[in-house]
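Close look at the chain arrangement
If you want the building blocks of each chain, they are given just below.
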Amino acid sequence: MRDTSAGTSAARVRPSSPRRAVWLLVPALALGACAPSGPGTAGPATTSAATPGTGETTAEQGAGPSPEVPTATSDDAPDGPVVLASGLHVPWGLALLPDGSALVTLRDRGEVLRVREGAEPVSLGEVPGVFPGGEGGLLGVAVAPGDGDADPLVYLYLTTQRDNRVLRMRLEGDALVEDRVILEGIPRGQNHNGGRLAFGPDGYLYVTTGDAGQARHAQDPASLGGKILRVDGDGRVPPDNPDPGSPVWTLGHRNVQGLAWAPDGRLFASEFGQNTWDELNLIIRGENYGWPTVEGVGGQADFTDPLVQWPTADASPSGIAVADGAVWLAALRGESLWRVPLDGGGDAVGEPQRLLEGEYGRMRTVVADEDGRLWLLTLNTFRGEPAPDDDRLVRLDPADLP
């Protein structure tokens, strides 16, 4: 790992060929986005003690001031940001349904909520088998494409007493009915459980996993930890995966927290760094992203460098979305929404812009709807000092941002 004890903090954009450096000056560098990798835990997870200077597993500065944001009702459509739900307890995952409502997972309660504009959230019940603790619990959620409005299939990423796994359920009205486990045996730990689920334009389900606190998992092709996985809706391995019979799509990841596709099919992923650099990566079939050998841009031929890297104090990027010609990253420790313009094809990106700094506190998840609006989940009830109405689901239009 490189020494960052001195020097100027910056968000660095990896230039396309020919190589040139583009730097965005930001506040001074602090310690990592997550606790350093260490021995994992094979038994039940428990909440870890806070470690100064880290992001996801650490108590941080209090959340920013709560803005005056209109609350949606069934009779109005106010301009600007709209709070669709408030008073949420440790929300994590967010998926939009064909009817315009949203599913929100509550990590520590193992519960799924359905949020409709202008109405109170409705509980769909607790998911069986969830064993919360540390960074584990009920995490990502995805809705299978092509189901229309009738009983869609819902996929959930959860931590159990033994592992992390993906459970398929069917939404029948306002009830989730258990179907089957489609993927299991993903390493679990106190930290670095991954957890993001998303269906790609190819119809396959992509699953992000963490190294579970044991960095060696990331480079072990036999381990499901520290990877992006790709399976079909039944958990079967697609025939065009890099290694026949293996769900591994890419490897060498520390803790991928967000996935999103551009209209041209490019897949982007956000990743927590350790002590130095958080990352936005362009995900390419079969590539190795270097953890734990490198963190951030390593310049080594065997590894794929990130498109953009941030000092961990400024980001801890979690969920991401693509809308309005940019990748949007919800930042936890950085308490911001980062915008990275997509300037063209391949690995061409523009200079990152830091938006909404401190306005909503920690941001866990962002998704884009069909109209290009952004739906944001805050996460202040887990760290910092929550505002009276935290945590919140907020919808906004990129055009309303500065």
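Here, the structure is the one placed above.
Attention here is on the structure that accompanies the text. Worth saying up front: this structure is predicted, and the values here are computed from it rather than measured.

**Describing the overall build of the protein**
Broken down by element type, the protein carries zero helices and 26 strands. Every one of the 402 residues in the protein was classed for burial, and the buried ones make up 59%. Summarising the internal contacts of the protein: among those between residues at least 6 apart in sequence, 55% fall at separations of at least 24. Entry remark: accessible area of the protein is about 15,100 Å², with carbon and sulfur atoms responsible for 48%.

**Topic: the pairing of strand 9 (residues 153-159)**
A large share of strand 9 lies buried, amounting to seven of its seven residues. Residue alternation in strand 9 divides its side chains into two sets, Leu-153, Tyr-155, Tyr-157 and Thr-159 and Val-154, Leu-156 and Leu-158, and both sets are buried. Of the pairings in the sheet, the one linking strand 8 (residues 138-143) to strand 9 comprises four bridges and is antiparallel in character. Residue Leu-138 lies in a different strand from strand 9, and its bridge partner there is Leu-158. Direction of pairing for strand 9 relative to strand 10 (residues 164-172): antiparallel, over a ladder of seven bridges. By the bridge assignment for strand 10, Leu-153 is matched with Arg-170. The antiparallel hairpin formed by strand 9 and strand 10 contains four residues in its connecting segment.

**Overview of a negative patch on the surface**
Together, Asp-79, Asp-324, Asp-397 and Asp-400 make up a negatively charged patch on the protein surface. When you line up the elements, Asp-324 lands in the loop between strand 20 (317-323) and strand 21 (326-331).

**Section: unusual backbone geometry**
The linkage connecting Trp-291 with the following residue, Pro-292, adopts the cis geometry, with an omega of 5°. Mapped onto the fold, Pro-292 is located in the loop between strand 18 (277-283) and strand 19 (308-311). Residues Asp-390 and Asp-391 are joined by a peptide bond in cis, for which omega reads -10°. At Asp-324, a residue that is not glycine, the phi angle is positive and equals roughly 55°. Of note in the backbone geometry, Leu-356 takes a positive phi value of approximately 55° without being a glycine.

**Describing the sheet that holds strand 22 (residues 336-341)**
The sheet built from four strands is open, its strands ordered 20-21-22-23 with antiparallel pairing. The open sheet has two edge strands, strand 20 and strand 23 (353-355), and neither has a second partner. Looking at each pair of strands side by side, their axes are set apart by 25° on average, direction ignored. Here five bridges tie strand 20 to strand 21, and the two strands are oriented antiparallel to one another.

**A few points about the packing of aromatic side chains**
Counted according to the given criterion, the structure contains four aromatic pairs. Residues Tyr-206 and Trp-249 carry aromatic rings whose centres are separated by 6.0 Å and whose planes lie at 90° to one another, so their mutual orientation is edge-to-face. Of this pair, Tyr-206 sits in strand 13 (residues 205-208) while Trp-249 is found in strand 15 (residues 248-251), placing the two residues 43 residues apart along the sequence. Accessibility classification places Tyr-206 together with Trp-249 in one group, the buried group. Plain terms: the ring middles of Tyr-206 and Trp-261 are 5.0 Å apart, the flat faces sit at 70° to each other, and that makes the pair edge-to-face. In this pair, Tyr-206 is assigned in strand 13 and Trp-261 in strand 16 (residues 256-261), connecting sequence segments 55 residues apart. Here the aromatic residues Tyr-206, Trp-249 and Trp-261 are joined through ring pairs into a cluster of three or more. The positively charged end of Arg-107 is found above the aromatic ring belonging to Phe-382, 4.1 Å away from the centroid. Over the ring of Trp-291 we find Arg-254, and its NZ or CZ is 5.3 Å from the ring centre.

**Some points on the environment of Gly-134**
Assignment of secondary structure puts Gly-134 in the loop between strand 7 (122-126) and strand 8. Separated by 56 residues in sequence, Gly-134 and Gln-190 have C-alpha atoms that sit 5.0 Å apart.

**Considerations on the pattern of salt bridges**
As enumerated under the stated definition, the model contains 20 salt bridges in all. Its salt-bridge partner being Arg-395, residue Glu-117 comes within 2.8 Å of it at the nearest N-O pair. With Glu-117 in the loop between strand 6 (111-115) and strand 7 and Arg-395 in strand 26 (residues 393-396), the pair connects residues that are 278 residues apart, well separated along the chain. Of the charged contacts, one joins Asp-314 and Arg-354 as a salt bridge, the two residues approaching to 3.5 Å between their closest N and O atoms. With a gap of 40 residues between them, Asp-314 in the loop between strand 19 and strand 20 and Arg-354 in strand 23 connect regions that are remote in the sequence. Bridged by salt links that share partners, the residues Arg-168, Asp-179, Asp-232, Asp-234 and Arg-236 form one connected network.

Reading guide: rules and limits
Residues numbered from 1 in each chain as written. Predicted model: local features only at pLDDT ≥ 70, side-chain atom pairs only at ≥ 80, totals over all residues. Heavy atoms only, no water. Helix = DSSP H or I, 4+ residues; strand = E, 2+ residues; numbered from the N terminus. Buried < 20%, exposed > 50% of the residue type's maximum accessible area, 1.4 Å probe, protein only. Contact = heavy atoms within 4.5 Å. Areas by Shrake-Rupley, 256 points an atom, 1.4 Å probe, with all protein chains shown as cover. Pairing = 2+ DSSP bridges. Patch = residues over 30% accessible without salt bridge, like charges linked within 9 Å, V, L, I, M, F, W, Y side chains within 5 Å. Salt bridge = Lys/Arg side-chain N within 4 Å of Asp/Glu carboxyl O. Lys, Arg positive; Asp, Glu negative; His and termini not counted. Charge placed at Lys NZ, Arg CZ, Asp CG, Glu CD. Axes fitted to C-alpha atoms, helices over the stretch in contact; angles between N-to-C directions. Phe/Tyr/Trp six-rings, centres within 6.5 Å; stacked < 30°, edge-to-face > 60°. Lys NZ or Arg CZ within 6 Å of the ring centre and 35° of its normal.

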